[in-house]
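The primary structure of each chain is shown beneath.
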Amino acid sequence: MKKFPDFIPPTKVAYLDQRPTLHLRKCILQAVADPSHEWTFDKEEIRIGSMEDNDVVLGDDTVSRYHCKITQDDSSYVLTDLRSTNGTTVNKVRVREAFLKPGCIISVGGSQLRFNALEEEVQIVPSRSDRCAGLIGGNARMREIYSILEKIAPTATTVVIDGETGTGKEVVAQAIHSLSPRSRNDLVVFDCGAVPPNLIESELFGHEKGSFTGAMMTRSGLFEQADGGTLFLDELGELPIDLQPKLLRVLEQREVRRVGSTKAQKVDVRIIAATNRNLEDEVRAGRFRQDLFYRLSVVRLHLPSLKDRLDDIPLLVQHFLDHGHYNRDAAGKARARGVSRDALAMLQTYPWPGNVRELVNVIERAVSFCSGEMVEVDDLPEYIRSAKAAPPERPASKRAQTFPNASVSMNPAAAAPAPPEELMAEGVTFKDAKERWVAAFERDYILQLLRRNNGNISHAARAADIDRKYFRKLMKKYDIEAAGSIDAADDGDDDN
């Protein structure tokens, strides 16, 4: 006999021993009169009625054609009566809408169904395909992501996608939406970092006429526009902290209130968010609410950078040449049909700080310079041709740094050096250059503080006016090891 939990576990991904495991939530309906009749679903919506196109078809004359439906969100299942003739009850209480608890009895007309939820642990096996929806790549890590997407797309699970700028987070969101039942409705995209902070609330939730200066008419927000579909929140880490409680309320209550309105309205929206920041670090620094972080982090996907899947470059380049509008002449024929072996080898040598987005730009430029059927080495930008192969060890920002337990005088002007040439190279976007510049600053700043404080982590954290645990987190992030370092646990110092 199956053992069911007392609560409904969420669909989530866990990484154990560096291998992803999917904990998949399933809904089970069982006929009370005949337990051998059982239906199991891992989809977002289950329709019950007498018509053949329902998920659960009941031949009872008291059951309406489309009697009721069961939908899942991140933490529960909700039953909704579809204005049936004879009504729907849960544990003998007639309802229009109700949360379902495992073990409850649903009466649909004269038929009774027992509801249960089950958590299934699924080991993720890399897909055999080298593409999924709009995603391209045969690297093992990418094929694992394809398998996860195929499993979670039919559910209503909230997904957070992180990774470096240019790795294709929006393409992943589009893939999830296209593989889900919501694909018949819109995917609405909102970049939290591209809108002035004072306008974000109006953009997301809408506003009433006259609610603020310039509100000349009533306007629906993006949550309302995405009703029945998917809302993709790009650069989630840029969302102002004073708006984060309102987003949390929408996620929990599934309702929005326009600016200037006293009435809330229900919305049926799946949330997919993306960020190039480490949200755990943002929570520790007080820039992101912990409750919102846990509410969003049901399924978290990390996209590998292009330098970690250089074997995908030939496939990506050919895809860009086959489908890029820039590779078509006036007659619609392809200008370049491929890339020479030497040019391809050079592309696989470059470290690609701008990831796939930078690769697209490089191929577009190369095609414009190409005079034959194949892109040659001379068609590539100079900074690609002059790039040296990356050493087998970890990048400088990740190598362990040690220094003696002594103060070192620093020239203040050295704290603001000129930007490295690679940050100013063609194809490197502003966002990516800024991200790398900030990372370099953080590392150098931590090193300098430790030098000034003779390796005493507590004193260095106090000088930086940040929590000691967060300071140690930054040290770990950049693999900084202070030889003979002193921590509060060692010297009895107190950060309070």
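Residues numbered from 1 in each chain as written. Predicted model: local features only at pLDDT ≥ 70, side-chain atom pairs only at ≥ 80, totals over all residues. Heavy atoms only, no water.

This next bit is on the sheet that holds strand β15 (residues 159-162). If you trace the five strands from one edge of the open sheet to the other, you get β16-β19-β22-β15-β23, paired in parallel fashion. Two strands in the sheet have a free side with no partner beyond their single neighbour: β16 (187-191) and β23 (299-302). Sheet twist, expressed as the mean angle between neighbouring strand axes with direction ignored, is 20°. As defined by bridge partners, β15 adjoins β23 across four bridges and the pair is classed as parallel. Its bridge partner lying in β23, V160 is registered against R300. (Pairing = 2+ DSSP bridges. Helix = DSSP H or I, 4+ residues; strand = E, 2+ residues; numbered from the N terminus. Axes fitted to C-alpha atoms, helices over the stretch in contact; angles between N-to-C directions.)

Turning next to the packing of helix α8 (residues 313-323) against helix α10 (residues 355-369). Relative orientation of the contacting elements α8 and α10 amounts to 55°, with a least axis distance of 10 Å. If you check the angle between α8 and α10, you find them oblique. For the crossing formed where α8 meets α10, the hand is right-handed. Contacts from L316, V317, F320 and L321 of α8 reach α10 at V356, L359, V360, I363 and V367. Tallied by class, residues from the contact of α8 with α10 come to nine nonpolar, no polar and no charged. (Parallel < 35°, antiparallel > 145°, perpendicular 65-115°, else oblique. Left-handed = near helix turned anticlockwise from the far one by under 90°. Contact = heavy atoms within 4.5 Å. Nonpolar A, V, L, I, M, F, W, Y, C, P; charged D, E, K, R; others polar.)

Next up on the list: helix α13 (residues 457-464). Because an α-helix packs 3.6 residues into every turn, residues spaced three or four apart end up facing the same way. The complete set of buried residues in α13 reads I457, S458, A460, A461 and A464. Projection of α13 onto a plane perpendicular to its axis shows the buried side chains occupying an angular sector of 165°, all on one side. Regarding α13, its N-cap is N456, as a side-chain oxygen of that residue lies 3.1 Å from the backbone nitrogen of S458 further along. Taken from the residues just after α13, D465 is the one with a positive phi, measuring 60°. (Buried < 20%, exposed > 50% of the residue type's maximum accessible area, 1.4 Å probe, protein only. Arc of directions from axis to C-beta. Polar contact = N/O pair within 3.5 Å; in protein donor to acceptor, adjacent residues only side chain to side chain.)

So, on to the confidence of the model for the protein. In the predicted model, the protein carries a mean pLDDT of 82, and the fraction of residues at 70 or more is 84%. Ignoring residues within four places in sequence, the model shows residues 1-7, a span with pLDDT below 50, making 11 contacts including any to other chains. Taken as a whole, residues 484-496 scores under 50 in pLDDT and shows 24 contacts with residues more than four places along the chain or in a different chain. (pLDDT = per-residue confidence, 0-100.)

Bringing the side chain of R309 into the picture now. Mapped onto the secondary structure, R309 falls in the loop between β23 and α8. Of note is the side chain of R309, whose polar atom sits 2.8 Å from the side chain of D312. If we skip the residues at most four places from it in the chain, R309 touches I136, G137, N139, M142, P304, L316 and V356.

All right, on to the environment of L187 then. Structurally, L187 can be placed in strand β16. Look at L187 and you get partly exposed, because its relative accessible area is 23%. Taking the C-alpha atoms as reference points, L187 and V269, 82 residues apart in sequence, are found 9.8 Å from one another. Not counting chain neighbours up to four residues away, the residues in contact with L187 comprise A173, Q174, H177, T230 and F232.

Taking 1.5 Å of rise per residue, the 13 residues of helix α1 (residues 140-152) would be expected to cover 18 Å, and the 19 Å separating its terminal C-alpha atoms lies within 8% of that figure. At the N-terminal boundary of α1, the capping side chain belongs to N139, with an oxygen 2.9 Å from the backbone nitrogen of R141. (Expected span 1.5 Å × (residues − 1).)

A few words on the packing of aromatic side chains. The relation between two aromatic rings is expressed through the spacing of the ring centres and the mutual angle of the planes. Within the structure shown, the criterion is met by five aromatic pairs. Measuring from centroid to centroid gives 5.3 Å for F293 and Y294, while their planes differ by 65°, and the two rings are edge-to-face. Take F293: its relative accessible area is 6%, and that puts it in the buried class. Geometrically, the ring pair formed by Y350 and W352 is edge-to-face, given 4.8 Å between the ring centres and 90° between the ring planes. The exposure classification of Y350 matches that of W352, with both residues buried. Among the aromatic residues, ring-to-ring pairing joins Y350, W352 and Y383 into one connected group. Above the plane of the ring of F369 lies R365, whose end atom (NZ or CZ) is 4.3 Å from the centre. (Phe/Tyr/Trp six-rings, centres within 6.5 Å; stacked < 30°, edge-to-face > 60°. Lys NZ or Arg CZ within 6 Å of the ring centre and 35° of its normal.)

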